[in-house]
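# Observations on the three-dimensional arrangement
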Amino acid sequence: MAVEDHERGREAFASEEEYRLHALRHSTAHIMAEAIGVVFPGARFAIGPATKDGFFYDVDVPRSITPEDLARIEEEMKRVVKRNSPFEKKVVTRDEAVALFGAAGQDFKVERISLLDEAAEISIYDHGGFVDLCRGPHTPRTGNCKHFKLLKISGAYLYGDSANKQLQRVYGTVWPTKEALDQYLFRLEEAKKRDHRRLGTQLGLFMFHDYAPGAAFWLPKGEDLYHTLSEAMRTLLKDEGYVPVRTPMVFDKALWETSGHWAHYQENMYHFAEGHHHEGASDEEDDSRILGLKPMNCPSHMLIFGSQRRSYRELPLRIHDQGVLHRNEVRGALGGLTRVRQFCQDDAHIFCTHEQIQSEVADLLNLVRRVYECFGLGFQAKLSTRPQDHLGSVALWDQAEESLEAALKQAGLEYKVNVGDGAFYGPKIDFDVLDALGRDWQCATIQLDFQIPQRFELRYIGADNAEHAPVVIHRAIFGSFERFIGILIEHYAGAFPLWLSPEHVRVMTVSEKSLSHGLAVTAALKAAGVKVTFNNNDDKIGKKIREGIGDKVPYMAIIGEQELESGGVAVRSRDHGELGALSVEDLITRLRAEARVPFSA
RNA sequence: GCCGAGAUAGCUCAGUCGGUAGAGCAACUGAUUCGUAAUCAGUAGGUCGCAGGUUCGAUUCCUGUUCUCGGCACCA
């Protein structure tokens, strides 16, 4: 009986291992709940699921839980594990469950029972007297949950709704063996080392300042990297039939009213009165118009499309724009380069006919995949479908979702479907990439939009000589340069491939005797278009190499008396170690080949 | 925006149970001219995030505030 219980639900998991980990983690969440109840008598419990690497429990206790409390909770948990009680499942009636949790003062549980489906089986799990509402599965005994650690405490809204009370969420991790736990904790430490915020400072790529929260300062090396990516994308998109444009940053409020941003996005926009402030005039008296800083490029592109009569022969028209965008994100949302207030997208809008949607999207999917593969970046494609709150007919939505799905299948991409997660104006396909700490971030996006062409009353003349509304596809491959560079820094741990690297070669002298040759080599490399720097400090060569390694420079060219003699360089590669003596010409040839943008034609 | 934690030299961090601070690296000066992961010696560097309060005295305690971090919520 007990064994059967623990088998239950196994088919819902991809593998035996996944099933066991899930049961282990969820069971440890129960154990933690019991422990929290001991440390904080009267604690009320909401939900406590297993997560990707561990578990959490949302609880309501009278005061803030501190790191010291975590230690106490861990102590209690150890006691429960040692007790090695079995997890016992019991099926109860709705009334029994309500009575049980009601008597215990667990009103979140009572509330949850009332939300359960009429027909649903209500089960409770009991381990050594601690009972929780739960559908399982669990590990056989508390003794199985030995290798855990509580990690962090945070606030979390009841049922994830900010209208609800905020509870405290305690996160932990648990593994089948001590080795697996230690390995996980080690991985966390390692991940911190490749955090782009840390590497950005260390490598001198960018900085932030209190005076401009959420806006990066790109330092010379970071600017170089940014510019390389920006140019690479411009070139790629030109090859793909896009036309680049440059558009204003500040617009009359009327534009935002037309686009719908004023109604739907105003709180995220920076806006201000145009007028110069006159002595004695109050803000209210100022009758100057209101201007808004653009949070997106689409309205500009609608104006461009609408500025002339368009023929079906011009479609698909693909407009690319790397304009600077500002969004007034709430303070708590900001973080490093992954969530900023000022950024730039590799943005484009494709104006096309309904018939062209599928092939355009299929091309885009292939393009995204091609670009990401060049970086060796893993991604997860997501199809987001019609939300509750949407504009346009259901038939139109169904058709659009079908074409996106058909394109995904045509491209042979694996994807998951997020039902109801589409934008109010159309369904979309997003590409999520993981950061060093395992958090996923949306980068590439392909969004169909049937609404905005209507709002701007856009028309083209079809082959039938009649007017038609074009479809607009909003799309970005990197997403924002800021976020994408953040992801790349972590992906490469700062050791960029040559084509992205702001410093290709560092020339370094062994001693002052070889200064003249060092200068000559540096000049020759520079003349050949190589990004080169020269280190002629009177440090020992070992020290200079050590610094070069720390700075993750792809190549070091060592110049000593031998090289002075031969006229060549001794090359050390970051990725392949010592390459030995090379002529300057051979080095340049090698660098040129490696500096090619991998996704250019 | 919400819950919690934090802010000390350019960077990483220590410290002061209230008596205005210290290390390593970096910088600068001098010596050294050296062959693939740290040459030696010296010098300089800080309104201890900002503003108030308590106190004889605050970087330390209290309040507010800005920013950062971990989550939550948000994320056309």
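Relevant structure appears above.
Criteria and cut-off values
Residues numbered from 1 in each chain as written. Chains lettered and ligands numbered in written order. Predicted model: local features only at pLDDT ≥ 70, side-chain atom pairs only at ≥ 80, totals over all residues. Heavy atoms only, no water. Axes fitted to C-alpha atoms, helices over the stretch in contact; angles between N-to-C directions. Helix = DSSP H or I, 4+ residues; strand = E, 2+ residues; numbered from the N terminus. Left-handed = near helix turned anticlockwise from the far one by under 90°. Contact = heavy atoms within 4.5 Å. Nonpolar A, V, L, I, M, F, W, Y, C, P; charged D, E, K, R; others polar. Core = buried A, V, L, I, M, F, W, Y, C linked by side-chain atoms within 4.5 Å. Buried < 20%, exposed > 50% of the residue type's maximum accessible area, 1.4 Å probe, protein only. Pairing = 2+ DSSP bridges. Polar contact = N/O pair within 3.5 Å; in protein donor to acceptor, adjacent residues only side chain to side chain. 1 Å grid on protein atoms, 1.4 Å probe; cavity = no way out; pocket = protein on both sides within 12 Å on 5 of 7 lines; lining within 4 Å. Points joined across faces, edges and corners; volume = space filled by probe spheres on them. Phe/Tyr/Trp six-rings, centres within 6.5 Å; stacked < 30°, edge-to-face > 60°. Lys NZ or Arg CZ within 6 Å of the ring centre and 35° of its normal. Parallel < 35°, antiparallel > 145°, perpendicular 65-115°, else oblique. Near = heavy atom within 4 Å. Disulfide = S-S within 2.5 Å.

### Thoughts on the packing of helix 8 (residues 220–239) against helix 12 (residues 357–375)
At their nearest, the axes of helix 8 and helix 12 sit 13 Å apart, and the two run at 145 degrees to each other. The chirality of how helix 8 crosses helix 12 is right-handed. Side by side, helix 8 and helix 12 meet where L229, L236 and L237 of the first sit next to L367, R370, V371 and F375 of the second. Of the residues that constitute the contact of helix 8 with helix 12, the class distribution is six nonpolar, no polar and one charged.

### Focus on the nonpolar core
Core analysis: the biggest nonpolar cluster contains 61 residues, and L229, V361, L365, Y372 and F375 have the highest contact counts within it. Among the elements that take part in this core, helix 12 stands out by supplying ten residues, more than any other. Filtering out sequence-adjacent residues up to four positions away, Y372 remains in contact with L377, F379, V433, C443, A444, I477, F478 and F484. If you look at the next biggest cluster of nonpolar residues, it comprises 35 residues, including I31, Y57, I65 and M77.

### A closer look at the sheet that holds strand 26 (residues 532–535)
The strand order across the open sheet built from five strands is 26-25-27-28-29, with neighbouring strands paired in mixed fashion. Two strands lie at the open edges of the sheet, namely strand 26 and strand 29 (577–582), each paired on one side alone. Strand after strand, the sheet turns through a mean of 25 degrees between neighbouring axes, direction not considered. Relative to strand 26, strand 25 (residues 505–509) runs parallel, the two sharing four bridges. Note that in strand 26 the partner of M508 across the bridge is N535.

### Section: the side chain of H474
With respect to the helices and strands, the residue H474 is situated in strand 24 (residues 471–480). A polar contact of 3.0 Å, which involves the side chain of H474, links it to the side chain of H349. The contact partners of H474, leaving out residues within four places of it in the chain, are C298, A348, H349, Y425, T445, I446, Q447, D449 and I452.

### Some points on the pairing of strand 17 (residues 342–352)
Of all the eleven residues making up strand 17, ten are buried; the element is thus mostly covered by neighbouring parts of the structure. Two strands pair when backbone bridges link them, and strand 15 (residues 317–321) and strand 17 are joined in this way by five bridges, in the antiparallel orientation. Paired with D321 across the strands is D347, a residue of strand 17. Inspection of the sheet shows strand 16 (residues 324–326) paired to strand 17 by three bridges, in the antiparallel sense. The residue of strand 17 that forms the bridge with H326 is Q342. In this structure, strand 17 lies alongside strand 24, joined through seven bridges in antiparallel fashion.

### Considering unusual backbone geometry
Here the bond from L315 into P316 is cis, since omega is -5 degrees, no more than 30 degrees from zero. Positive phi, close to 50 degrees, is recorded for A493, a residue that is not glycine.

### Here we look at empty space enclosed by the protein
Tallied over the full model, the rule gives one cavity of 30 Å³ or more. The computed volume of the largest cavity comes to approximately 110 Å³. Along the walls of the largest cavity sit 13 residues, with L203, K221, P502, D551 and K552 positioned nearest its centre.

### Concerning the packing of aromatic side chains
If you walk through the whole model with that rule in mind, you get 25 aromatic pairs. Measuring from ring centre to ring centre gives 6.1 Å for F375 and F478, while their planes differ by 70 degrees; the resulting arrangement is edge-to-face. Here F375 is found in helix 12, whereas its partner F478 is found in strand 24, with 103 residues between them in sequence. Residue class for F478 comes out buried when judged on its relative accessible area of 0%. Ring plane angle 75 degrees and centroid distance 5.4 Å describe the contact between F424 and Y425, whose orientation is recorded as edge-to-face. Of note, R169 hangs over the ring of F56, and the distance from its end group to the ring centre comes to 3.7 Å.

### Describing the layout of surface pockets
There is about 1300 Å³ of room inside the largest pocket. K152, Y184, L437, G438 and R439 are the residues nearest the centre of the largest pocket, which is lined by 29 residues in total. For the lining of the largest pocket, the secondary-structure elements that each account for two or more residues are strand 2 (54–60), strand 6 (147–157), strand 7 (166–175), helix 6 (178–193) and strand 21 (440–449). Element by element, the count of residues in the lining of the largest pocket is highest for helix 6, at eight residues. Size it by volume and the second largest pocket reaches roughly 1100 Å³. If you trace the second largest pocket, you find 42 residues lining it, with Y265, M296, R327, Q345 and Q447 closest to the centre.

### Observations regarding the packing of helix 4 (residues 94–103) against helix 5 (residues 107–115)
Between helix 4 and helix 5, whose axes approach to 8 Å, the crossing angle comes to 165 degrees. Considered as vectors, helix 4 and helix 5 are oriented roughly antiparallel to each other. Crossing of helix 4 over helix 5 shows left-handed handedness. For the pair formed by helix 4 and helix 5, the contact residues are R94, A97, V98, F101 and G102 on the first element and K109, V110, I113 and S114 on the second. Looking at side-chain class alone, the contact of helix 4 with helix 5 contains five nonpolar, two polar and two charged residues.

### Brief notes about the protein's contact with RNA strand B
RNA strand B sits among 53 residues. The nearest are S154, Q166, M296, K513 and D538. Protein-proximal atoms of RNA strand B, defined as those within 4 Å of the protein, fall in sugar or phosphate at a share of 53%. The contact in question runs from a sugar or linking oxygen of RNA strand B to an N or O atom on the backbone of G155, over 3.0 Å. With respect to RNA strand B, the side chain of R546 contributes an N or O atom lying 2.4 Å from a base nitrogen. A breakdown of the residues in the surface near RNA strand B according to their chemical character gives 18 nonpolar, 18 polar and 17 charged.

### Regarding the state of the cysteines
Considering all chains together, one arrives at zero disulfides under this definition. No disulfide involves C298; its sulfur sits 14 Å from the nearest other cysteine sulfur, which is in C344.

Note that all results are geometric; they support no functional claim without further evidence.
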